[in-house]
Amino acid sequence: MEKIVSLCKRRGIIFQSSEIYGGINGFWDYGPLGAELKRNLRETWWRAMTRDREDVVGLDATIIMHPAIWKASGHVDTFADLMRECTVSNKRVRADHVEPQTGTAFRWTGATGSNGWKSEKPMSLLGKKGEHVDSIRKAARQHYAAGAAPGAAGKIEEIQLLEETTEPVENSVDFHPETGGALREAVPFNLMLRTFVGPTATEDNVAYLRPETAQAIFAQFKNVVDSSRQKVPFGICQIGKAFRNEVTPRNYTFRSREFEQMELEFFILPDEAVKIMHGSVAKWSEGADLSKPQPNWGWEMWHRYWVAQRTAYYAGIGLGADVLAYHWQTQEELAHYARACVDILFKFPFGTEELEGIAARGNFDLSQHQQHSGKTQEVFDEELRAAANKMDDAAKTAFIAEVSDEWAARALLNQKPEAEARAAAKEFCEKLFKGQYVPHVIEPSAGLDRLALAVLAAAYHEEDKTDVNGKVERRTVLRFHPRVAPVKLGVFPLLKNKPDLVAKAREVYESLKRYLNCFYDETGAIGRRYARQDEAGTPFCVTIDFETLGEKGDELKDTVTLRYRDDGRQERVKISELPGKLFPLVQ
Ligand code: ATP
């Protein structure tokens, strides 16, 4: 990670936000190359999720929305992480991020200073395995001194620690990982960033910076349905900023407080509606054909389909099976409304961690908004009504009985009243018979910044190159997939002091730069220029030389040397053939 972080700063990919003022924890800026990288990633996602599909449309909603949205979604009440505070330094840490530690717990009842100062505040510090007792005591004295009024405790060395006791500790999560101080009890900490809309900073004017982009999609669901001529199953996708007041931002950009999400809400029919229309619901089994959606798919097939689609997307930008992993959430891990959730993980240098979550969320979100806004979120499906009309009364009664049994069983499992579940099931089925329902949803939700970091980590390579003098030099190469590479093509005149070469190279650059992000470079030896582009991850370079000018014969006139980053291969290509050769590789 250190190498990646330093390369990112050196080459203008990622900078610490507000660096000249000491930075601000959890916020990152993207420099010239990083901005291009992110833009390309956004573009590949947008294209895969909507432009290339007929069944997904886009949305671009505001960051600040009506606060009632966050009440309905559950974020105001429950979007919290458990946080623990260090009793010694007051530093905070996310409760589930404390690594188990082993060592000796030292406890003191208080301390006295050389000036008659006294503290009766107990302190506990963990001495990690192998840590010298003197350094632990020194840390304790320093903490006591820091808690006293300036100068009151006297010299640090003269502070006396009172009534020391020790106790062995094994795999404990009760001490701060950095300071070793005992942690207070966990308390929930809401992750939403608050602001005020309007001239007065009162509770009435509280608004939130969205902690996810998804809710706007639900809130605008009806408008999109009414205006886009889409019919369930279809999706709405969005890319945009999200904000979370993360307790412990860490691992570079992996966990930031401001980040970008790329989310799709893919709306599907409830399985019961599929059953009415097609007699049965397709079940998933290993090896099932997920290449093309089918009308008899229920949530499970759709969920598997999106996992496959997203996996194919990652492969298409260079993140293959070797760098990805999957975590299927267990029943205990799942949110109460979710049917299934799989996290697509990437093997980051600091561990295998979530890149994207793909959840089957039932109709929880639209139902919540229906309930809180009082506006129906149901859709009407003529085909469903027509299919239901073909059922006779006995078939309908049997159908209701079957659905009620399922709902009742689920209610019992979740310790909810059975009778209510049966009544709700009946109401739901009767609506279905009329062609009405609240759509269910599959949600692939990815983080753009995490993806940029994953792509950087996967691209990072070091190789030893021997120069013309036989000197071995270690070089860094970013092997970005050409689709996401910030710069696609380096354009070089062989020599900068030959006006004809420069003019021709400028001409090539000008003719291609509208279609490809090109970088023109005329300084330094050609090998140096290649190395600079390798380090920036540029997949192709062309050099304009004397052959290009026709000085070595007519057959080589208007040809250039095209050099490939990954294998150093070089070939002679006509300038007029460059677009045909390069465009398919970068699109
Ligand atoms: P975590 O458990 O890591 O906090 P989460 O499961 O709450 O994440 P989701 O709410 O599912 O995350 O968000 C969807 C995606 O948004 C994540 O897979 C991740 O790529 C991205 N994301 C979430 N939080 C952050 C963050 N603080 N910084 C960068 N990206 C984030």
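Provided above is the structure to which this section pertains.
One structure accompanies this document, and this report is about it. (Residues numbered from 1 in each chain as written. Predicted model: local features only at pLDDT ≥ 70, side-chain atom pairs only at ≥ 80, totals over all residues. Heavy atoms only, no water.)

**Concerning the overall build of the protein**
When helices and strands are tallied, the protein shows 17 helices and 29 strands. Each principal axis of the C-alpha atoms in the protein carries an extent, and together these give about 90 × 90 × 55 Å. Expressed as a percentage of the 587 residues in the protein, the buried residues total 47%. If you take every contact in the protein between residues at least 6 apart in sequence, the share linking residues at least 24 apart comes to 66%. Taken as a whole, the protein presents about 29,200 Å² of accessible surface, with 50% of it coming from carbon and sulfur. In the protein, which carries 78 positive and 85 negative side-chain charges, the distance between the mean positions of the two groups comes to 4 Å. (Helix = DSSP H or I, 4+ residues; strand = E, 2+ residues; numbered from the N terminus. Buried < 20%, exposed > 50% of the residue type's maximum accessible area, 1.4 Å probe, protein only. Contact = heavy atoms within 4.5 Å. Areas by Shrake-Rupley, 256 points an atom, 1.4 Å probe, with all protein chains shown as cover. Lys, Arg positive; Asp, Glu negative; His and termini not counted. Charge placed at Lys NZ, Arg CZ, Asp CG, Glu CD.)

**With respect to helix H12 (residues 393-413)**
For H12, which comprises 21 residues, the first-to-last C-alpha distance of 30 Å matches the rise-based estimate of 30 Å (1.5 Å per residue) to within 8%. Restricting attention to buried positions, one finds in H12 the residues Lys396, Phe399, Ile400, Val403, Ser404, Ala408 and Ala411. What you see down the axis of H12 is that its buried residues fit within an arc of 165 degrees, all on one side. Looking at H12, the residues exposed on the side facing more than 90 degrees away from the buried face are Ala394, Leu412 and Leu413. Buried residues in H12 make contact with helix H8 (271-278), helix H11 (382-389) and helix H13 (418-433). Gln415, located one to two residues past H12, shows a positive phi value of around 55 degrees. (Expected span 1.5 Å × (residues − 1). Arc of directions from axis to C-beta.)

**Re the site of the ligand**
Around the ligand sit 16 residues, and of these Glu246, Arg255, Ser256, Glu354 and Leu355 come closest. With respect to the ligand, the side chain of Arg244 contributes an N or O atom lying 2.9 Å from an oxygen atom. Protein coverage of the free-state accessible area of the ligand, which is 600 Å², stands at 81%. Elements that contribute at least two residues to the shell around the ligand include exactly strand S16 (258-268), strand S19 (351-360) and strand S22 (440-447). Here the shell around the ligand takes four residues from S19, the largest share from any one element. For the shell around the ligand, the residue count by class is four nonpolar, five polar and seven charged. (Near = heavy atom within 4 Å. Polar contact = N/O pair within 3.5 Å; in protein donor to acceptor, adjacent residues only side chain to side chain. Nonpolar A, V, L, I, M, F, W, Y, C, P; charged D, E, K, R; others polar.)

**A few points about the sheet that holds strand S29 (residues 570-574)**
Pairing between the strands of a sheet is mediated by backbone hydrogen bonds and can be parallel or antiparallel. As summarised here, the arrangement of the five strands in space is S26-S25-S27-S28-S29, forming an open sheet in which the pairing is mixed. Of all strands in the sheet, those bounded by a partner on one side alone are strand S26 (518-520) and S29. Strand after strand, the sheet turns through a mean of 25 degrees between neighbouring axes, direction not considered. Where strand S25 (residues 489-493) and strand S27 (residues 540-544) come together, five bridges link them in parallel fashion. Bridged to Pro493 within S27 is Ile544. Contacting S25, S26 and S27, helix H15 (residues 499-512) runs over the sheet at an angle of about 160 degrees to S25. (Pairing = 2+ DSSP bridges. Axes fitted to C-alpha atoms, helices over the stretch in contact; angles between N-to-C directions.)

**Points about the side chain of Ser445**
Topologically, Ser445 is positioned in strand S22. Among residues more than four places away in sequence, those in contact with Ser445 are Gln261, Met262, Glu263, Leu355, Glu356 and Gly357.

**A short note on the packing of H8 against H11**
One way to put it is that H8 packs onto H11 with a least axis distance of 8 Å and a crossing angle of 60 degrees. With respect to their mutual orientation, H8 and H11 come out oblique. Read as a crossing pair, H8 and H11 show a hand that is left-handed. From H8, Ala273, Ile276 and Met277 reach across to H11, where they touch Glu383, Leu384, Ala387 and Ala388. (Parallel < 35°, antiparallel > 145°, perpendicular 65-115°, else oblique. Left-handed = near helix turned anticlockwise from the far one by under 90°.)

**A closer look at the sheet that holds S19**
Across the sheet, which stays open at both edges, the seven strands sit in the order S3-S15-S16-S22-S19-S18-S17 with mixed pairing between neighbours. For this open sheet the edge positions go to strand S3 (56-59) and strand S17 (324-328), each flanked by a neighbour on one side alone. Adjacent strand axes in the sheet meet at a mean angle of 25 degrees when their direction is disregarded. Sheet analysis places S17 next to strand S18 (residues 340-348), joined by five bridges and oriented antiparallel. Within S18, the position partnered with Ala325 by the bridge is Leu345.

**A look at helix H2 (residues 32-51)**
The end-to-end C-alpha distance of H2, which contains 20 residues, comes to 26 Å, matching closely the 28 Å that a straight helix rising 1.5 Å per residue would cover. Taken together, the buried positions of H2 are Leu33, Gly34, Leu37, Lys38, Asn40, Leu41, Thr44, Trp45, Met49 and Thr50.

**Some remarks on the nonpolar core**
Counting residues in each nonpolar core, the largest one holds 61 residues, and the members touching the most others are Tyr314 and Leu319. Looking at this core element by element, the count peaks at nine residues for helix H14 (residues 448-459). (Core = buried A, V, L, I, M, F, W, Y, C linked by side-chain atoms within 4.5 Å.)

**Some thoughts on the pattern of salt bridges**
This structure, assessed with the given rule, holds 49 salt bridges. A salt bridge links Glu473 to Arg475; the nearest nitrogen and oxygen atoms lie 3.2 Å apart. Under the relative-accessibility criterion, Glu473 is labelled partly exposed at 26%. Shared partners join several salt bridges into a network, and the residues in it are Asp81, Arg94, Asp96, Glu246 and Arg255. (Salt bridge = Lys/Arg side-chain N within 4 Å of Asp/Glu carboxyl O.)

**Some points on the pairing of S29**
Two strands pair when backbone bridges link them, and strand S28 (residues 559-564) and S29 are joined in this way by five bridges, in the antiparallel orientation. Counted as the bridge partner of Arg563 is Gln570 from S29. In this structure, the hairpin formed by S28 and S29 is closed by a connection of five residues, where Gly568 is found at a positive phi of approximately 70 degrees.

**Some remarks on unusual backbone geometry**
Among all residues except glycine, the phi angle is most often negative; among peptide bonds, the trans geometry is most common. Cis geometry marks the peptide bond from Val232 to Pro233; its omega dihedral reads 5 degrees. In this structure, Pro233 sits in the loop between helix H7 (221-228) and strand S15 (234-243). For Gln415, which is not glycine, the phi dihedral falls at a positive 55 degrees. Positionally, Gln415 belongs in the loop between H12 and H13.

**Thoughts on the side chain of Asn40**
Looking at the secondary structure, you find Asn40 in helix H2. For Asn40, a relative accessible area of 14% corresponds to the buried category.

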